[in-house]
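# Chain and residue survey
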Amino acid sequence: MEEFVTDEAALPSAPGEAERPALALANSAVALPGGHTADLLGTPAQAEQWLARRDLAPAGAGLAEVCATQLRSLREQVRSLLASRVAGQPALPAAVTAVNDAMTRVPTASLLLWDENTGPYRATPHPTTAIVEHALAVIAADAADLLTSTDATRLTACASPPCNRFLLKHGRRQWCSTRCGDRARAARAYARRTAME
């Protein structure tokens, strides 16, 4: 019987995800054995939970499908950029544009506001409609930082097919999880046994 990942807690974090929300976003769509996939942002509720776990949105924000769609769209662009970096190939211009657009859509400085009674003051408004845009900006900035930092040299794809997750390599480890490492070792052992027969 095939094991399905329906909750983020059921899937161990890949090395680097805790420090890099862009890496966590890229890994939120998981290819599983048997041609199955799991999308940790598949519904608005899942997307909201994913953002809340990373302190990118308050719990109970009431995200709509359009918000989850924006998050999934940025995920595909970030995945494209990470894959380009790992393969040593030029990035798709659309992916670069999407990350830059997400970063610049949200003002980074507090705005000047004016209250009739108390006068001018500065604040950074985050109405419900801007929660996702703010989260997207944070993730996009992290993706840009990851791709231009020394961590980029440690970025790799999990070496256990069909897994499609990325990780930051530590030492010789080339798998995103113990489960993928065990699967890769078992596949190699099986290949050796069948080659000897």
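See the structure printed just above.
Here goes a summary of the coordinates provided. (Residues numbered from 1 in each chain as written. Predicted model: local features only at pLDDT ≥ 70, side-chain atom pairs only at ≥ 80, totals over all residues. Heavy atoms only, no water.)

### With respect to the packing of helix α2 (residues 44-53) against helix α3 (residues 65-87)
Contact pair α2 / α3: the axes reach a minimum separation of 8 Å and the direction vectors enclose 60 degrees. Between α2 and α3, the angle falls in the class oblique. Like other packed secondary-structure pairs, α2 and α3 cross with a definite hand, here left-handed. Between α2 and α3, the contacting residues are Pro44, Ala47, Trp50 and Leu51 on the first element and Glu65, Ala68 and Leu71 on the second. (Axes fitted to C-alpha atoms, helices over the stretch in contact; angles between N-to-C directions. Helix = DSSP H or I, 4+ residues; strand = E, 2+ residues; numbered from the N terminus. Parallel < 35°, antiparallel > 145°, perpendicular 65-115°, else oblique. Left-handed = near helix turned anticlockwise from the far one by under 90°. Contact = heavy atoms within 4.5 Å.)

### Focus on the pairing of strand β1 (residues 29-32)
Side chains Ala29 and Ala31 of β1 all project onto a buried face; the interleaved residues Val30 and Leu32 project onto the opposite face, where all are buried too. Of the strand pairs in this sheet, β1 and strand β2 (residues 36-39) are connected by four bridges, and their pairing is antiparallel. Bridge pairing in β2 places Leu32 opposite His36. What sits between β1 and β2 in their antiparallel hairpin is a turn of three residues, with Gly34 showing a positive phi close to 80 degrees. (Buried < 20%, exposed > 50% of the residue type's maximum accessible area, 1.4 Å probe, protein only. Pairing = 2+ DSSP bridges.)

### What to know about unusual backbone geometry
Between Pro161 and the following residue, Pro162, the backbone shows a cis peptide bond with an omega angle of 5 degrees. The backbone of Asp55 sits at a positive phi, close to 55 degrees, despite the residue not being glycine. Here Asp55 shows up in the loop between α2 and α3.

### Some details on the packing of α3 against helix α4 (residues 93-104)
Running from N to C, α3 and α4 cross one another at 125 degrees; their axes reach a closest spacing of 9 Å. Relative to α4, α3 is oriented oblique. Taken as a pair, α3 and α4 cross one another with a handedness that is left-handed. Residues Leu74, Gln77, Val78, Ser80 and Leu81 of α3 touch α4, and the partners they reach there are Ala94, Ala95, Val96, Ala98, Val99 and Ala102. Taken together, the residues of the contact of α3 with α4 sort by class into nine nonpolar, two polar and no charged. (Nonpolar A, V, L, I, M, F, W, Y, C, P; charged D, E, K, R; others polar.)

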